[in-house]
Amino acid sequence: KGSVRTDDYDDAWLLALGGHSRIIFDIGCNAGQASLLLLYSGRIHQIVLVDPNPEALAICAENYILNGLSMIARFVPAFVSEIDNSKVEFFTVGAGAAGSFYRSHAVTASDVGSSILVPTITLDSLADRLGILPDLVNVDTEGAERLVLRGAARIARKQMTTFMVEMHSNAELSMEVNAEAIIGWCRDNDYRAWYLKEKTELKSSGQVKSRGRCHVLLLPEAKAFPSYLQHLDQGAKLGQVQISD
């Protein structure tokens, strides 16, 4: 239950990106809803699924095993951050999808004092340990996006990886602050951020300050915005996605 979702407004973007990828890191995968869309094209050689909630990740692994997908998957129970081999408090209840590093972003868990201590890992360390370079990193970490990116300097330096980032705001982190951090990361790492709803380059936090949640695509500076995303509006139906042979 809950492993397959319908009609989230980034679904078409994820389906299209998965159709043009081979190696994917899905950061904050929870029970694996987004990853099923990313895998739909059948072209993925390897997917690495990472989540700090071991109960949610176990559901994800079970889904992969039951659907014959586990041969291409690795499951990593960790909080992806800018620091390796540390511990953070993660607020969650059971396998709930709303777990977060931020108390205010996981209201139910915070109210009942439900949290776990989880190990941290950086994207750079993850790539080094596995000996692979992702061509797509999907990031949905309920407000911790900038921490994930700060741990990916060596990956960014190769200028080969696309990052699909779901940005969040909460009582402890405004969208303006979050967006400025991500714009700054792009500037420091020769990337550009694209605000997917408008398909325009994100140059100022003012472009998204009114959003509680939004999506940005981070591309190496020399890489053009993908033509296969141009016709996909926010909330587009999956049938509008074109995946060529």
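Residues numbered from 1 in each chain as written. Predicted model: local features only at pLDDT ≥ 70, side-chain atom pairs only at ≥ 80, totals over all residues. Heavy atoms only, no water.

*Asks:* In this structure, what is going on with the overall build of the chain? I would like to understand it.
*Replies:* Secondary structure assignment for the chain yields 8 helices and 11 strands. Burial analysis of the chain (245 residues in total) assigns 53% to the buried set. Long-range pairs, those at least 24 residues apart, make up 71% of the contacts in the chain between residues at least 6 apart in sequence. (Helix = DSSP H or I, 4+ residues; strand = E, 2+ residues; numbered from the N terminus. Buried < 20%, exposed > 50% of the residue type's maximum accessible area, 1.4 Å probe, protein only. Contact = heavy atoms within 4.5 Å.)

*Asks:* Looking at this structure, how should I read the sheet that holds strand β4 (residues 79–80)?
*Replies:* With mixed pairing, the 3 strands of this open sheet are ordered in space as β4-β6-β5. The sheet is open, and its two borders are formed by β4 and β5 (87–91), each paired with just one other strand. Pairing between β5 and strand β6 (residues 115–121): 5 bridges, direction antiparallel. Opposite Lys 87, over in β6, you have Pro 119 as the bridge partner. (Pairing = 2+ DSSP bridges.)

*Asks:* Looking at this structure, how should I read unusual backbone geometry?
*Replies:* The bulk of non-glycine residues show a negative phi, and the bulk of peptide bonds are trans. One non-glycine residue, Asn 30, lies in positive phi territory at about 50 degrees. Inspection of the secondary structure puts Asn 30 in the loop between β1 (23–27) and α2 (33–38). Located in the positive-phi region is Gln 159, a residue other than glycine, with phi close to 55 degrees. Tracing the chain through its elements places Gln 159 in the loop between α7 (153–157) and β8 (162–168). By relative accessible area, which is 29% here, Gln 159 ends up partly exposed.

*Asks:* I would appreciate a short explanation of the pairing of strand β11 (residues 213–220) in the present structure.
*Replies:* Every regular strand shows the same layout, with side chains that alternate between the two sheet faces. Across the 8 residues that make up β11, a large majority, 7, are buried. Across 6 bridges, β8 lies against β11 in antiparallel orientation. Within β11, the residue paired with His 168 across the bridge is Arg 213. Pairing of strand β9 (residues 191–195) with β11, which is carried by 5 bridges, proceeds in the antiparallel orientation. In the strand pairing of β11, Tyr 195 is matched with Val 216.

*Asks:* Quick question: what am I supposed to make of helix α8 (residues 175–188) here?
*Replies:* Residues spaced three or four apart along an α-helix face the same direction, because each turn holds 3.6 residues. The terminal C-alpha atoms of α8, which comprises 14 residues, lie 20 Å apart, in line with the 20 Å expected from a rise of 1.5 Å per residue. Against the buried residues of α8 lie α6 (145–150), α7, β8, β9 and β11. Positive phi shows up at Asp 190, right after α8, with a value of about 60 degrees. (Expected span 1.5 Å × (residues − 1).)

*Asks:* So what exactly am I meant to see when it comes to the pattern of salt bridges here?
*Replies:* Think of it this way: side chains of opposite charge can pair up when their charged atoms draw near. Scanning all chains against the criterion turns up 7 salt bridges. Notably, a salt bridge pairs Arg 150 with Glu 82, separated by 3.8 Å at the nearest N-O pair. Placement of the pair is Arg 150 in helix α6 and Glu 82 in the loop between β4 and β5, with a sequence separation of 68 residues. Glu 201 is the salt-bridge partner of Arg 192, the closest N and O atoms lying 3.6 Å from each other. On the accessibility criterion, Arg 192 (23% relative accessible area) is partly exposed. Overall, Glu 201 belongs to the partly exposed group, its relative accessible area being 23%. Salt bridges linked by common partners bring Asp 8, Glu 166 and Arg 213 together as one network. (Salt bridge = Lys/Arg side-chain N within 4 Å of Asp/Glu carboxyl O.)

*Asks:* Looking at this structure, how should I read the environment of Glu 172?
*Replies:* Within the secondary structure, Glu 172 is located in the loop between β8 and α8. Classification of Glu 172 by relative accessible area gives partly exposed; the value is 45%. Once the C-alpha coordinates of Glu 172 and Gly 143 are considered, the two residues, 29 residues apart in sequence, prove to be 9.3 Å apart.

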